[in-house]
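Read off the chains here:
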Amino acid sequence: MAAKIISGVEVARQIREEIKAEVEQLKAKYNKVPGLVTILVGENPASVSYVTGKQKTAKELGFYSVQDDQPADITEEQLLALIDKYNKDDSINGILVQLPLPKHINETKVLYAIDPDKDVDAFHPVNVGRLVIGEGIFLPCTPAGIQELLVRGGVETSGAHVVVVGRSNIVGKPIANIMLQKAKGANSTVTVVHTGTKDVGHYTRMADILIVAAGRPKYVTADMVKEGAAVIDVGVNRIGMTPEGKAKLAGDVDFDNVKEKASLITPVPGGVGPMTITMLMKNTLAAFKNSLGIK
Ligand code: L34
């Protein structure tokens, strides 16, 4: 079987159109638009690329958008003060602190400092807890994007066996929690495999839906995939430079071989990445509506 390749760029475009239209309506009615601040510490090239994408998209959708770039040697105290400033700023509905942060800053402490109502990444423990009990107001952006790709790609999730490769706080754990909720676009049987798992292939071969966030280029090979599975590749590995000086990207899945076996597969680039950015916009719109008391 040759897989249907599902374009995150295309699905993201549809959702962005929906968001843009809603922003215009709300602006006409309330004379206000959603406000998003991105805080980037240092100049990690991948982070710069992602934050640039977020800023560009926010502007395209008509948001009020603040790009707050800080030097790598900003102190933890200064960063916490900055977050406090945006917590109190009524024009800002969403605060995003791009990860990873430099080693001298305690990431957990920073994530705790963001007002949960403005936590459009849903990384604050309060929002993590809400997600686990099925009361999430924001879903973390990458997992939300994965779920949206499955739904809009026509993949039946209810009763499906979802195998997640990787247990990070930003992808593996939250997507596992989302897919096991008793809800539309979920209701799956979920297995999580990780670096402590003895025979990863034993589990991945049982997956109807395989979600890979391993952080290792081409980690999942065709022999690890069941015929007809839906495969979502979350990996964005920088594996060198193109002659034009752009970063060359590879996913965590051996795309060329796995696509011959899967029923559906997402590419890298152009798969989950653009969805992550779009879900951030969706969350910021939701935070804005909450602030106006709109359901
Ligand atoms: N706070 N930190 C916070 N929130 C997040 O949601 C993220 N993440 C991850 C890293 N740190 C974060 C992102 O934004 C990963 N991530 C992300 C965002 C966008 C893209 C990939 C990862 C993306 O747009 N990828 C493009 C290629 C972009 C490029 O050329 O570098 C793609 O097509 O996959």
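Refer to the structure printed above.
Small disclaimer: the values here were computed from a predicted structure and weren't measured. (Residues numbered from 1 in each chain as written. Predicted model: local features only at pLDDT ≥ 70, side-chain atom pairs only at ≥ 80, totals over all residues. Heavy atoms only, no water.)

Caption draft 1: Summary view of the overall build of the protein chain. Of regular secondary structure, the protein chain possesses ten helices and eleven strands. A compact globule built from 295 residues should have a C-alpha radius of gyration of about 19 Å, and the protein chain, at 19 Å, falls within 12% of that. A principal-axis box enclosing the C-alpha atoms of the protein chain has dimensions of 50 × 40 × 40 Å. Across the 295 residues of the protein chain, 49% fall into the buried class. Considering only residue pairs separated by 6 or more positions, the protein chain has 70% of its internal contacts joining residues 24 or more positions apart. (Helix = DSSP H or I, 4+ residues; strand = E, 2+ residues; numbered from the N terminus. Rg over C-alpha atoms; globule rule 2.2 N^0.38 Å. Buried < 20%, exposed > 50% of the residue type's maximum accessible area, 1.4 Å probe, protein only. Contact = heavy atoms within 4.5 Å.)

Caption draft 2: Seen up close, the pairing of strand β4 (residues 94–97). Residues Gly94 and Leu96 line one face of β4 and the alternating positions Ile95 and Val97 line the opposite face, and both faces are buried. In this structure, strand β2 (residues 35–41) lies alongside β4, joined through four bridges in parallel fashion. Paired with Leu36 across the two strands is Gly94, which belongs to β4. (Pairing = 2+ DSSP bridges.)

Caption draft 3: Layout of unusual backbone geometry. Of note, the bond from Leu99 into Pro100 is cis; its omega dihedral lies within 30 degrees of zero at 0°. Summarising the element assignment, Pro100 is placed in the loop between β4 and α4 (107–113). The backbone phi angle of Asn187 is positive, close to 60°, even though this residue is not glycine. Residue Asn187 is classed as partly exposed on the basis of its relative accessible area, which comes to 34%. The backbone of Lys218 shows a phi angle near 55°, a positive value even though the residue is not glycine. Residue placement: Lys218 occurs in the loop between β7 (209–212) and β8 (230–233).

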